[in-house]
Structures are given as C-alpha cells and as structure tokens.
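Coordinate analysis (summary)
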Amino acid sequence: MALRIETDSSGIDWQRVSDILREVGMAHYAPELHQKAFANSFASVFVFEGDELLGFGRALSDGAYQAALYDIAVRPAQQGRGIGKLIVAHLAERCSFGNIILYASVGKEGFYEASGFSRLKTGMARFKNSEQMRAKGFTE
Ligand SMILES: CC(C)(COP(=O)(O)OP(=O)(O)OC[C@H]1O[C@@H](n2cnc3c(N)ncnc32)[C@H](O)[C@@H]1OP(=O)(O)O)[C@@H](O)C(=O)NCCC(=O)NCCS
C-alpha cells in the first residue's frame, strides 16, 4: 500500500501519537499536550499507510529565517523504509527559506547526516529535566 502524507492534524489520534513516542523511547505526554504542540507548530507532517499512522514530525519556525525540528518518530516495525527521511525532507522543504536546527537522540546523528545536517559545535540547551537529559547523553 502506498504511503500517504498528511499535513492537516485535525483528524489525528493523539493517543496514538503519544503511544508511538513512548514506543520509540522519546518524551511523551497526555494526548491533549501533543495536540497543542502540533497545533502551535509552523509545519506538521504525518505519514500513513491506509489508516495506520506510521510516523510524524513537526517544525517550529519564525517563518522568515529560522526553524527547528521536533518529535520526529517512526514506529519501530516501520523503521528502515525511508519514512523518517521522507518526514525530514517534507519539513525541510516547508522551512527552505532559512536555517534548520535540531537535537538528535543519542545514536541518531547519522540519520540526520544522511539528510544533509551537520553536527553543531556550539549548541546549548536549558532543559527542564536537566539531570535526566544529562543521564541520557544529551548534555555534558
Ligand atoms: C530516527 C528515525 C526517525 C529514522 O527513521 P527511519 O524511517 O528508520 O529512517 P530512514 O529509513 O528514513 O533512513 C534514512 C537514512 O538514514 C539512515 N539511518 C537511519 N537511522 C540511522 C542511525 N541511527 N544512524 C545512522 N544512519 C541512520 C538510513 O540508513 C538511511 O540512509 P540512506 O538515506 O543512505 O539510505 C527512526 O529510527 C526513529 O523513529 N527512531 C526512534 C525515535 C528517534 O530517535 N527519533 C529521532 C529524535 S531526534
């Protein structure tokens, strides 16, 4: 079955979004919080096969010259099919007016390098759960 890209988030099952983020080991919250995060984003993309949500991602942006990617995830059983690359390519196209930054999960840097990203030398973050993020390897 062909993959289908959706950019309209009105029909999305937000519990499913939360479940997929949990499955892949990323931060996950109550469905309403994900709905709010995607609704407040500059661009969102959801990849379906039939009725099944396989992956998604979103971009924050000023719409002028800066953007940042968040919540890029593909269901474990569907990884390695090019879906992640499709999500990043779609968001990059929507943000093609400017710079795009992100922080990769530890071990996923190569995935972003395959889509043309380079490692930052001066990236800084002030995480809310700073100890947890340090333990996960995001900060020094
Ligand atoms: C990271 C993730 C989104 C990649 O999605 P995917 O659909 O499996 O990736 P793709 O099949 O589109 O792979 C695209 C390219 O990246 C490469 N790649 C994928 N994962 C990689 C990794 N961990 N390290 C190095 N390269 C990787 C693939 O080999 C492929 O290379 P190619 O273009 O030369 O063929 C997916 O594995 C995932 O959801 N992981 C868990 C959640 C996560 O860590 N998300 C990122 C948060 S920053």
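The following refers to the structure shown. (Residues numbered from 1 in each chain as written. Predicted model: local features only at pLDDT ≥ 70, side-chain atom pairs only at ≥ 80, totals over all residues. Heavy atoms only, no water.)

1. Let's talk about the pattern of salt bridges
Pairing of side chains with opposite charge becomes possible as their charged atoms draw close. A complete count under the given rule lists 8 salt bridges for this structure. Measuring nitrogen to oxygen at the nearest pair gives 2.9 Å for the salt bridge that ties Arg-4 to Glu-6. On the accessibility criterion, Arg-4 (33% relative accessible area) is partly exposed. Of the charged contacts in the structure, one is a salt bridge between Asp-71 and Arg-58, with a shortest N-O distance of 2.9 Å. You can see Asp-71 sitting in strand β4 (residues 66-74) and its partner Arg-58 sitting in strand β3 (residues 52-61), a full 13 residues away along the chain. Given a relative accessible area of 11%, Arg-58 falls into the buried group. (Salt bridge = Lys/Arg side-chain N within 4 Å of Asp/Glu carboxyl O. Buried < 20%, exposed > 50% of the residue type's maximum accessible area, 1.4 Å probe, protein only. Helix = DSSP H or I, 4+ residues; strand = E, 2+ residues; numbered from the N terminus.)

2. Some points on the site of the ligand
Not every one of the 21 residues close to the ligand is listed here, only the nearest: Ile-72, Val-74, Gly-82, Gly-84 and Lys-85. Contacts to the ligand include Val-74, whose backbone N or O atom sits 2.8 Å from an oxygen atom. Take Gly-80: an N or O atom from its main chain is 2.9 Å from an oxygen atom of the ligand. Protein chains shield 71% of the accessible area of the ligand, which is 920 Å² for the free molecule. (Near = heavy atom within 4 Å. Polar contact = N/O pair within 3.5 Å; in protein donor to acceptor, adjacent residues only side chain to side chain. Areas by Shrake-Rupley, 256 points an atom, 1.4 Å probe, with all protein chains shown as cover.)

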